[in-house]
Amino acid sequence: MPQTEESVGPTPGVWHLDPLHSSLIFVARYLKFGRVQGTFGSAEGTVTVAENPLDSEVDVVVEAASLNTGVQARDNHLRSADFLDVENHPELRFTSTRLERRGRARNSFLMHGDLTIHGTTRETTFDCQWVGEAPDYVDQEKGYGHFFAANTEIRLSDFGIGQGDHLPWGGRLVGDTVDVVLEVRIQNHDPIDFLRQIGHV
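Quick summary incoming for the structure in this document. The structure displayed is predicted, hence computed values, not measured ones.

The grouping of Leu20, Phe194 and Ile198 at the surface amounts to a nonpolar patch, some 260 Å² of accessible area in total. Overall, the relative accessible area of 32% leaves Leu20 in the partly exposed class.

What follows concerns the nonpolar core. Buried together is how nonpolar side chains tend to be arranged in soluble globular proteins. One finds Phe40, Met111, Ile117 and Phe126 to be the most contacted residues of the largest nonpolar core, which totals 42 residues. Per-element accounting of this core gives the leading share, 6 residues, to strand β11 (residues 174-187). Among residues more than four places away in sequence, those in contact with Phe40 are Leu24, Phe26, Val62, Glu63, Ala64, Ser66, Leu67, Leu84 and Leu92.

This next bit is on the pattern of salt bridges. By the definition in use, this model includes 7 salt bridges. Asp179 is paired through a salt bridge with Arg35; the nearest N and O atoms lie 3.6 Å apart. Of this pair, Asp179 sits in strand β11 while Arg35 sits in strand β3 (residues 34-40); the two residues are 144 residues apart in sequence, bridging distant segments of the chain. For Arg35, a relative accessible area of 54% corresponds to the exposed category. Connected through salt bridges with shared partners, the residues Arg29, Arg35 and Asp179 form a single ionic network.

About the cut-offs
- Residues numbered from 1 in each chain as written.
- Predicted model: local features only at pLDDT ≥ 70, side-chain atom pairs only at ≥ 80, totals over all residues.
- Heavy atoms only, no water.
- Patch = residues over 30% accessible without salt bridge, like charges linked within 9 Å, V, L, I, M, F, W, Y side chains within 5 Å.
- Areas by Shrake-Rupley, 256 points an atom, 1.4 Å probe, with all protein chains shown as cover.
- Salt bridge = Lys/Arg side-chain N within 4 Å of Asp/Glu carboxyl O.
- Buried < 20%, exposed > 50% of the residue type's maximum accessible area, 1.4 Å probe, protein only.
- Core = buried A, V, L, I, M, F, W, Y, C linked by side-chain atoms within 4.5 Å.
- Helix = DSSP H or I, 4+ residues; strand = E, 2+ residues; numbered from the N terminus.
- Contact = heavy atoms within 4.5 Å.

Written out as structure tokens, the structure reads:
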């Protein structure tokens, strides 16, 4: 159901991550001077919206092996024990612990929580924004959704992830800081049946 003109964001209840219309993006420093962008293509999660939106809870699990930068050899290296070590640490997870308003904007907030990567958990804060309503574009009776945007910066060293070999011109193969950018749609029904129907899982 859509919100009223006075309200902002989804109504109370359990909402599900829509993996078909969400982008989990990271931007890393590469070869000291360059930047490379990648995505994680497989994730599932829920957002439990409370009557008081600041009491809402988020839990998202990402398949580490679904990393994709567009270059297979590079992706295999990033999945290896040199970096994410997906064989021993197959999942990335974020579980919120606290939400707070950011300034006076009704659609902006900070989401604090525990981010687990490479088997290590660190407190992380995402700068978030409710973007707008997003009903099913074919048939609104089949579901209703909302878009959110979020971003943060993490350090690989905080999660015990190395930066690869030293470069002859100085620096390391991968920089320590990584930008995380999320463009996420959540919806009011579990997408699993439809994902199976189209062969996405």
